[in-house]
Amino acid sequence: MPTMRDVLKARRIVAAHLPPTPSWSYPLLDEAVGRRLVVKHENAQPTGAFKVRGALNLLATLDEDIVTYSTGNHARAIAYAAREYGRHATIVMPEHAAPLKVRAVEALGAKVVLHGVNMADAEAHAQTLPGRLVSPGDEPALIAGVATLYLELFERHPDLDTLVVPVGSGTGAAAACLVAAAVAPHCRVIGVQSAASPAAHDSWRAGTCVQRGNHTRVDGLATGRGFAGPQEILRARLHDFVLVGDDEIDAARGVLARLAGTQAEGAGAAGLAAVRQRPDLLGATVGVVVTGANATELELAR
Ligand SMILES: *Cc1c(COP(=O)(O)O)cnc(C)c1O
């Protein structure tokens with residue numbers, strides 16, 4: 001488990017590569033949800049998602065070739081960091097991966113291997129390849145890197161009393177919990193996942209990692225199992241965990257586009273979907289992390 005010292009070290013590393021992302025309030029959006037929202041724009045990262053912070057921090061400490069597996073934003077983050085450090089990265093993606101996402105990874109210079117029908121197949125194949133295998137969920141350095149997002153957010157907005165974070169493997173929410181506990185202990189952190197892929201939610205409620213069906217069309221939230229490292233932090237510190245439907249997530253993407261002029265992929269809009277669905281859980285000033293922008297062409301059309 002990373003400590004705040006690890007997070008402060010990560011900040012130095014990440015800041016050498018990325019400027020802070022903006023965080024804004026939008027009057028029409030505030031009016032629509034009935035309270036002040038602070039929208040943190042990780043969709044403004046060069047890779048279109050927050051995961052690049054974790055990848056830059058992890059790869060700073062590795063000097064071997066990297067192997068990993070992912071359907072999208074983790075792949076792009078590792079490819080970006082590998083390019084920054086002049087490292088070679090091989091990324092195993094399931095055969096059905098969206099062509100635009102494959103091309104985005106290849107354009108950063110990483111090698112893509114298409115294998116299997118799902119993430120479990122891709123993971124199994126990645127384990128057979130030479131190089132340092134990077135798990136998308138169980139790497140403390142990824143959590144420490146991602147935590148720099150929440151340092152930025154609380155430094156600019158120490159008044160947040162609720163923070164809503166989308167959850168897949170749980171690294172982002174675990175990072176939010178770590179930082180909130182240290183610098184904003186009054187702030188409640190609430191996780192949100194798709195009801196069609198509830199593995200992290202159900203693992204948190206059960207107090208042990210469970211496997212669940214994985215039927216959401218929302219990429220970043222689609223994990224079929226709980227990850228032990230993040231779950232341990234979430235169990236200790238997460239205030240609540242909400243499930244939202246995929247249709248509600250799409251509706252929230254539309255609201256962000258219209259009222260905040262910003263593009264979110266499904267996972268990036270899950271926080272706002274939770275805010276709209278569960279106003280009873282919220283305080284007066286609520287942070288919502290738009291974790292990513294990388295909608296597929298199908299999602300954009302919808
Ligand atoms: C990966 C991802 C998430 C979920 O983050 P975890 O750290 O896996 O819980 C949310 N949104 C986007 C855009 C992502 O890429």
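Remember, predicted model here, so these are calculated numbers, not experimental data.

Trainee: Describe in detail the sheet that holds strand β5 (residues 111–114), supporting the description with residues and values.
Mentor: One open sheet accounts for four strands, arranged β5-β4-β3-β6; its pairing is parallel. The sheet is open, and its two borders are formed by β5 and β6 (132–134), each paired with just one other strand. Between one strand and the next, the sheet's axes are offset by a mean angle of 25 degrees, whatever the strand orientation. Across three bridges, strand β3 (residues 66–69) lies against β6 in parallel orientation. For I66, the partnering residue across the bridge sits in β6 and is R132. Across the sheet, helix α4 (residues 73–85) lies against β3, β4 (89–93) and β6, angled at about 170 degrees from β4, the strand it touches most.

Trainee: How would you explain the side chain of T90 if you had to name every residue and give the values?
Mentor: Note on placement: T90 falls in strand β4. Judged by relative accessible area, which is 12%, T90 ranks as buried. Excluding its chain neighbours within four sequence positions, the residues that come into contact with T90 are I66, V67, T68, K111, V113 and L129.

Trainee: Requested: an account of the site of the ligand, with residues and values cited.
Mentor: The environment of the ligand is formed by 14 residues, the closest being K51, G168, G170, T171 and T291. Relative to its unbound accessible area of 370 Å², the ligand is 97% covered by the protein chains. Looking at the shell around the ligand, its residues break down into three nonpolar, nine polar and two charged.

Trainee: Which residues make up the pattern of salt bridges, and what values do they have?
Mentor: In total, this model carries 14 salt bridges according to the counting rule given. For D219, the salt bridge is made with K101, and the minimal N-O distance between the two is 3.0 Å. You can see D219 sitting in the loop between α9 (199–206) and α10 (228–237) and its partner K101 sitting in helix α5 (residues 99–107), a full 118 residues away along the chain. By relative accessible area, which is 31% here, D219 ends up partly exposed. Judged by relative accessible area, which is 8%, K101 ranks as buried. Between D250 and R302 there is a salt bridge, with its nearest N and O atoms 3.6 Å apart.

Trainee: Help me get a handle on the state of the cysteines, residues and values and all.
Mentor: Under the counting rule described, the total for this entry stands at zero disulfides. Looking at C177, it has no disulfide partner, and the nearest cysteine sulfur is the one in C187, 9.7 Å off. According to the relative accessible area criterion, C177 is buried, its value standing at 2%.

Rules and cut-offs
Residues numbered from 1 in each chain as written. Predicted model: local features only at pLDDT ≥ 70, side-chain atom pairs only at ≥ 80, totals over all residues. Heavy atoms only, no water. Pairing = 2+ DSSP bridges. Helix = DSSP H or I, 4+ residues; strand = E, 2+ residues; numbered from the N terminus. Axes fitted to C-alpha atoms, helices over the stretch in contact; angles between N-to-C directions. Contact = heavy atoms within 4.5 Å. Buried < 20%, exposed > 50% of the residue type's maximum accessible area, 1.4 Å probe, protein only. Near = heavy atom within 4 Å. Areas by Shrake-Rupley, 256 points an atom, 1.4 Å probe, with all protein chains shown as cover. Nonpolar A, V, L, I, M, F, W, Y, C, P; charged D, E, K, R; others polar. Salt bridge = Lys/Arg side-chain N within 4 Å of Asp/Glu carboxyl O. Disulfide = S-S within 2.5 Å.

Nothing here speaks to function; it is geometry throughout.
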